[in-house]
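# Fold and geometry: a report
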Amino acid sequence: MKKYIILAVFAALSLSACVHDLNQNPMSDNAIASGDAYENPIYRLGQLAKLYGSFTLVGNSGPGSADIAVDDAGESEFLRAWWSIQTISTDEAKCVWGNQWNMEVNKNAWTSTKNSAIYAAYVRGVMMVTLANEYLRNTDDSDPEIAIERAEVRFLRAYAYWVLLDGFGNPPFTDETTPIGAYKPEQIKAADLYAWLKAELESLVSEESALKDVHTQIYPRVDKGAAYALLARLCLNHKTYTGVEDMATYTEAMDAAEKVIAKYPLAKNYQALFMGDNGENADAVQEFVYAACYDANKTQSYGGPTYIIAAGKNNASYLGLQANWSGLVTSSEFVANLIGQSAVDGAEPGAEPTFTTIDKRALVSLKYCESKDMTAVDFPKGWHVYKFNNRHFLDGGNFLDESPATESFASVDFPLIRAAEMYLAYAEAKVRVDGGTTADAKAVKCIADLQKRAGLSPAFSTISLNDVFNEITKELFWEGHRRTVLIRFGYYTSATYLWPFKGGVKQGQALSDHLKLFPLPEDDLTANENLDQNPGYSVE
């Protein structure tokens, strides 16, 4: 089913439509094509497909050529950039490569000077908004099928704006009513963007919305399930965005999460969620609420799962991918969250990984390691993660089969939102509403169901905020959530929650609170006097 979108993406990319690099025109909507072109259904569907592919592709000329100004085309892909700044800036991983952007993110030492990963995440988000606005500007709801497409585009734009809100706080704002051409957008404050996003998502899940009902759209197109899920995520993080905690908003997060939980069952096999045929595996797909699709032959890039898998290994046959880039490592301190300190203490470098006997989600290994002690500069020193795997589950292959790999790119679809996140969102919101601990049967069952899938035998009648945090750590690690989670729990900059190399020192140290947001690109600030840099960053 995912080929429906994949093939259409390439039809779209063969057209001349493009969005100018923000270096030349910061977040102003350039007219990509006249409205007449959208009367051609092939062009219109191509543009819809291009929107779905905006987070997975890097340009019109293949994986080695980017359409934005970064040093390496692979670094320009949205998911690689967003995953990196969400993950490598936290306790989940470090990357041993010595390039500038990587070292800055490793050490939480970025400044207003251009950082390729931060820049790419911002620019890709802005490009998605621009493409969506252009689509909405040139279509209307008079045709029922086009009305459905337009509602999907509004969701994709909302997701892009959530990225900009969560990462950058105060971006420039445009919609389909904004003038095009030389217009310079106004800046929107985080609280105002939060309010706009909340209203937009509430509109998309309303009875009047053309978006298809929860879990009724063909995969990987989105429906009201995705809108409810993003609304739940938004409401759960509302204090981060508004500065004010509101118990009623947590209740709204619970209500939205319940809509998803009711229609999206958990997959039976956790490992299969992250394997090379997950987009064709009905058991895995049933848990995916919104996924970025990848295909080794049709959507090649050095980002996404190709990056996550290749950068996490140093053996050409491992995990079904030829590439081995020897970059991503994880600390014993983090792995202890997954398997317990005693298991970490007893683990031996070079041994076959057996940690899934403790928890099926503990997809970590020391097989190709010389030491458990992460140095953040040497790949054999530290733990390796094999959560994403290009082997095919439905072929019956061994998850850690090391027969020669034939593919240079991964075909793993990346779950941007899956049902398990909604189980956790419901439980966390209920715990917060109840003052830090709850005996609510639904919330307890949400945690218990995840643990049962992981092979555990839950036996508890209450859950605390710390219980939920621990479960988030185990369930969602390496899925690009960590920075957002740590900020929500008050841990990201805190001196009481340290990890190796936090703030650039081995034992970790507190961070300045301004690092909760990334800086706006200097290119945009120079070209648009309506924009102010985020607090704490100098203006060059």
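Residues numbered from 1 in each chain as written. Predicted model: local features only at pLDDT ≥ 70, side-chain atom pairs only at ≥ 80, totals over all residues. Heavy atoms only, no water.

### Here's the deal with the overall build of the protein chain
This is how the line gets drawn: Under the scheme used here, helices are H or I runs from DSSP no shorter than 4 residues and strands are E runs no shorter than 2 residues, and both carry numbers assigned from the N terminus. We take the radius of gyration over the C-alpha atoms and set the globule estimate at 2.2 Å times the residue count to the 0.38 power. Remark: exposure states derive from per-residue accessible area (1.4 Å probe, protein chains only) relative to the maximum for the residue type, with buried under 20%, exposed over 50%, and partly exposed in between. Throughout, a residue-residue contact means that at least one pair of heavy atoms, one from each residue, lies within 4.5 Å.
Helix and strand content of the protein chain: 19 helices and 10 strands. Against the compact-globule benchmark of 24 Å for 540 residues, the protein chain has a radius of gyration of 22 Å, which places it among compact chains. With the C-alpha coordinates of the protein chain rotated into their principal frame, the extents come out at 65 × 50 × 50 Å. When the 540 residues of the protein chain are sorted by exposure, 62% land in the buried category. Taking all contacts inside the protein chain whose residues are at least 6 apart in sequence as the whole, residues at least 24 apart take part in 68%.

### Here we look at the side chain of T178
Test applied: For the purposes of these results, a polar contact is taken to be a pair of N or O atoms within 3.5 Å, where, inside protein, one atom must be able to donate a hydrogen and its partner to accept one; residues adjacent in sequence count only when each atom of the pair is a side-chain atom.
Within the secondary structure, T178 sits in the loop between β2 (172–173) and β3 (186–187). Judged by its relative accessible area of 11%, T178 is buried. Engagement of the side chain of T178 in a polar contact is seen with the backbone nitrogen of D175, the distance being 2.9 Å.

### Things to note about the packing of helix α3 (residues 78–87) against helix α6 (residues 144–168)
Two measures define how a pair of helices packs: the angle their axes make with one another and the distance between the axes. Heads up, the rule is: Axis definition: a line fitted to C-alpha atoms, limited for helices to the stretch in contact. Angles are taken between N-to-C directions and run from 0 to 180 degrees. In these notes the angle categories are as follows: under 35 degrees is roughly parallel, over 145 is roughly antiparallel, 65 to 115 is roughly perpendicular, and the rest is oblique. What makes a crossing left-handed is the near helix being turned counterclockwise from the far one by less than a right angle; a clockwise turn instead makes it right-handed.
In contact at an axis separation of 12 Å, α3 and α6 are set at 30° when each is read in the N-to-C sense. For the element pair α3 / α6, the angle class is roughly parallel. Handedness of the crossing formed by α3 with α6: left-handed. Residues F78, W82 and Q86 of α3 lie in contact with α6, whose contacting residues are W162, V163, D166 and G167.

### A few points about the pattern of salt bridges
This is how the line gets drawn: By salt bridge we mean one thing: a side-chain nitrogen of Lys or Arg within 4 Å of a carboxyl oxygen of Asp or Glu.
Within the structure shown, the criterion is met by 33 salt bridges. A salt bridge links E421 to R233; its shortest N-O distance comes to 2.8 Å. Here E421, found in helix α15 (residues 419–433), pairs with R233, found in helix α8 (residues 224–236); they are 188 residues apart in sequence, far enough to count as distant. Notably, a salt bridge pairs K381 with D378, separated by 3.8 Å at the nearest N-O pair.

### A look at the layout of surface pockets
Selection criterion: Every definition here rests on a 1 Å grid over the protein atoms only: cavities are sets of points where a 1.4 Å probe fits but cannot get out, pockets are open sets enclosed by protein on both sides within 12 Å along at least five of seven lines, and lining residues have some atom within 4 Å of a point. Grid points are joined across faces, edges and corners, and a volume is the space filled by probe spheres set on the points. Residue type decides the class: Asp, Glu, Lys and Arg count as charged, Ala, Val, Leu, Ile, Met, Phe, Trp, Tyr, Cys and Pro as nonpolar, and the leftover types, Gly among them, as polar.
In this structure, the largest pocket occupies an estimated 400 Å³ of space. Along the walls of the largest pocket sit 24 residues, with K239, T240, Y241, I487 and K516 positioned nearest its centre. Those elements that provide at least two residues to the lining of the largest pocket are α6, α9 (238–242) and α18 (482–488). A class-by-class count of the residues in the lining of the largest pocket yields nine nonpolar, seven polar and eight charged.

Interpretation note: all reported values are geometric properties and have no functional meaning in isolation.
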